[in-house]
Amino acid sequence: MTRPLLLGVNIDHAATLRQARYRGVHAGPHAEPDPVAFAREALAAGADGITVHLREDRRHIQEEDVLALARLPGVRLNLEMACMPWMTDFARRLRPAAICLVPESREEVTTEGGLDVLGQADRVRATVAALREVGSEVSLFIGADAPTIAAAHATGAPVVELHTGAFANASGPAAAAELARLHAGCVQAHGLGLVVNAGHGINYDNLPAILTLPHLHELNIGHAIVSRALFTGARAAVAEMKRLMGNRA
Ligand code: PXP
């Protein structure tokens with residue numbers, strides 16, 4: 001029997017909306033929308049985890065958000081971060097349940113848009129070791145190409161998140177080819193003993209195709225859920241995504 005597919009709700013864009021008005025403004029607790037309140041709603045609707053990306057330019061999530069989210073009772077927090085010493089120090093102090101290493105700058109990105117694990121092997125390996133040491137589960141956000149998956153496995157990370165952006169941005173035969181590439185990536189990663197997650201650009205319409213991929217453990221979905229929440233509220237947006245994810249064969 002397949003285990004239920006988990007949903008990590010990425011709430012970055014709740015913070016994007018807040019920063020559109022309040023960047024550089026001291027608005028205190030009245031700055032809206034509050035990403036922590038969004039996270040509470042998502043958890044109440046059945047989200048299995050909350051994901052945030054602390055970016056170097058702080059364009060959405062701020063350190064204070066991460067600290068407040070970590071205090072939410074029962075939250076499984078997944079912190080996305082780049083392989084940078086100050087972020088590694090921050091994460092080692094925080095010790096979130098999960099950490100996903102993502103590229104921050106152009107030089108760290110593969111052609112598929114994921115982390116350049118082949119080109120940055122030493123840095124990635126050292127970061128994985130430093131974060132695993134404090135008990136966080138570490139995943140690497142990578143393109144679904146065979147050499148990168150093999151390199152990700154060699155870093156000692158137990159989890160990969162396959163980048164679904166190229167699939168989400170394609171249509172027709174190109175989308176079918178991207179889906180086939182993701183399928184092969186899932187099989188390879190699972191065969192190596194890696195836990196396989198997926199994310200980027202997944203929405204209510206392309207989800208059925210994503211659900212055909214084998215061995216998936218968790219999907220990280222942000223923009224589509226936050227966008228729908230503007231119309232339906234966060235609870236209904238998350239609950240609907242969870243309901244659709246239950247349709248996995
Ligand atoms: N997974 C990772 C590693 C991400 O960086 C992001 C945000 O870009 C997502 C998933 C969520 O992507 P989206 O907002 O397109 O659903």
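Before reading further, recall that the structure is shown in the block above.
At a closest axis distance of 12 Å, the pairing of helix α3 (residues 63-70) and helix α4 (residues 85-94) adopts a crossing angle of 20 degrees. The pairing of α3 with α4 is recorded here as roughly parallel in orientation. Where α3 crosses over α4, the two elements pack in a sense that is right-handed. Residues Glu63, Val66, Leu67 and Ala70 of α3 form the contact with α4, whose own contacting residues are Trp86, Phe90 and Leu94. Per-class residue counts for the contact of α3 with α4 are 6 nonpolar, no polar and 1 charged.

Membership of the largest hydrophobic core comes to 75 residues, with the highest contact counts inside it found for Val9, Leu101, Leu140, Leu219 and Ile225. Considering each element in turn, this core owes the most residues, 6 residues, to helix α11 (residues 234-245).

As a further point, take the site of the ligand. Taken together, Asn10, Glu80, Val102, Phe141, Glu161, Gly199, His200, Gly201, Asn220, Ile221, Gly222 and His223 make up the full set of residues adjacent to the ligand. For the ligand, a nitrogen atom lies 2.5 Å from a polar atom in the side chain of glutamate 161. Here glycine 222 contributes a backbone N or O atom positioned 2.8 Å from an oxygen atom of the ligand. Look at the ligand: alone it shows 390 Å² of surface, and the protein chains cover 88% of it. Within the shell around the ligand, the residues separate by chemical class into 3 nonpolar, 7 polar and 2 charged.

As a further point, take the packing of aromatic side chains. Summed over all chains, the structure comprises 0 aromatic pairs. Here the guanidinium or amino end of arginine 228 rests over the ring plane of tyrosine 204, the centre of that ring lying 3.7 Å away.

For the rest of this paragraph, the subject is helix α8 (residues 172-191). With 20 residues, α8 should reach 28 Å at 1.5 Å per residue; the first-to-last C-alpha distance of 29 Å fits that figure. All of the buried residues in α8 are Ala175, Glu178, Leu179, Leu182, Gly185, Cys186 and Ala189. Seen from one end, α8 has its buried residues packed into an arc of 120 degrees, which puts them on one side. Across α8 from its buried face, at more than 90 degrees, point the exposed residues Pro173 and Gly191. Here the buried face of α8 lies against α6 (146-154), β6 (159-163), α7 (165-169), β7 (195-199), α9 (207-210) and β8 (216-221). Just downstream of α8 lies glycine 193, where phi reads positive at about 90 degrees.

To continue, consider the sheet that holds β8. Sheet architecture is closed into a barrel: 8 strands sit in the order β1-β2-β3-β4-β5-β6-β7-β8, paired in parallel fashion. When the angles between neighbouring strand axes are averaged without regard to direction, this sheet yields 25 degrees. In this structure, β7 lies alongside β8, joined through 4 bridges in parallel fashion. Residue pairing for β8: asparagine 197 is matched across the bridge by glutamate 218. Running over the sheet, α4 touches β3 (77-81) and β4 (98-101) and is turned about 170 degrees from β3. Each of β5 (137-142) and β6 touches α6; the most contacted strand, β5, lies at about 160 degrees to it.

Before going further, it helps to spend a moment on the packing of α4 against helix α5 (residues 121-133). Interaxial distance between α4 and α5 falls to 9 Å at its minimum, and their mutual angle equals 20 degrees. Considering their axes alone, α4 and α5 lie roughly parallel with respect to each other. In the crossing of α4 with α5, the sense of the turn from one axis to the other is right-handed. Mapping the contact onto sequence places Thr88, Ala91 and Arg92 in α4 and Thr127, Ala130, Leu131 and Glu133 in α5.

Right, let's get into α4. Because an α-helix completes one turn every 3.6 residues, residues spaced three or four positions apart along the sequence face the same direction. Among the residues making up α4, those that are buried are Met87, Thr88, Phe90, Ala91 and Leu94. Seen from one end, α4 has its buried residues packed into an arc of 160 degrees, which puts them on one side. Turned more than 90 degrees away from the buried face of α4 sit Pro85 and Arg93, all of them exposed. On the buried face of α4, the contacting elements are α3, β3, β4 and α5. Remark: arginine 95 follows α4 within two positions and exhibits a positive phi of approximately 55 degrees.

Cis geometry is found at the peptide bond from glutamate 32 to proline 33, where omega equals -10 degrees. With respect to the helices and strands, proline 33 occurs in the loop between α1 (12-22) and α2 (35-44). Not every positive phi belongs to a glycine, and histidine 200 is a case in point at roughly 100 degrees. Here histidine 200 lies in the loop between β7 and α9. Residue histidine 200 is classed as partly exposed on the basis of its relative accessible area, which comes to 48%. Positive phi outside glycine occurs at histidine 215, with the angle close to 70 degrees. Structurally, histidine 215 can be placed in the loop between α9 and β8.

Basis of the calculations
Residues numbered from 1 in each chain as written. Predicted model: local features only at pLDDT ≥ 70, side-chain atom pairs only at ≥ 80, totals over all residues. Heavy atoms only, no water. Axes fitted to C-alpha atoms, helices over the stretch in contact; angles between N-to-C directions. Helix = DSSP H or I, 4+ residues; strand = E, 2+ residues; numbered from the N terminus. Parallel < 35°, antiparallel > 145°, perpendicular 65-115°, else oblique. Left-handed = near helix turned anticlockwise from the far one by under 90°. Contact = heavy atoms within 4.5 Å. Nonpolar A, V, L, I, M, F, W, Y, C, P; charged D, E, K, R; others polar. Core = buried A, V, L, I, M, F, W, Y, C linked by side-chain atoms within 4.5 Å. Buried < 20%, exposed > 50% of the residue type's maximum accessible area, 1.4 Å probe, protein only. Near = heavy atom within 4 Å. Polar contact = N/O pair within 3.5 Å; in protein donor to acceptor, adjacent residues only side chain to side chain. Areas by Shrake-Rupley, 256 points an atom, 1.4 Å probe, with all protein chains shown as cover. Phe/Tyr/Trp six-rings, centres within 6.5 Å; stacked < 30°, edge-to-face > 60°. Lys NZ or Arg CZ within 6 Å of the ring centre and 35° of its normal. Expected span 1.5 Å × (residues − 1). Arc of directions from axis to C-beta. Pairing = 2+ DSSP bridges.

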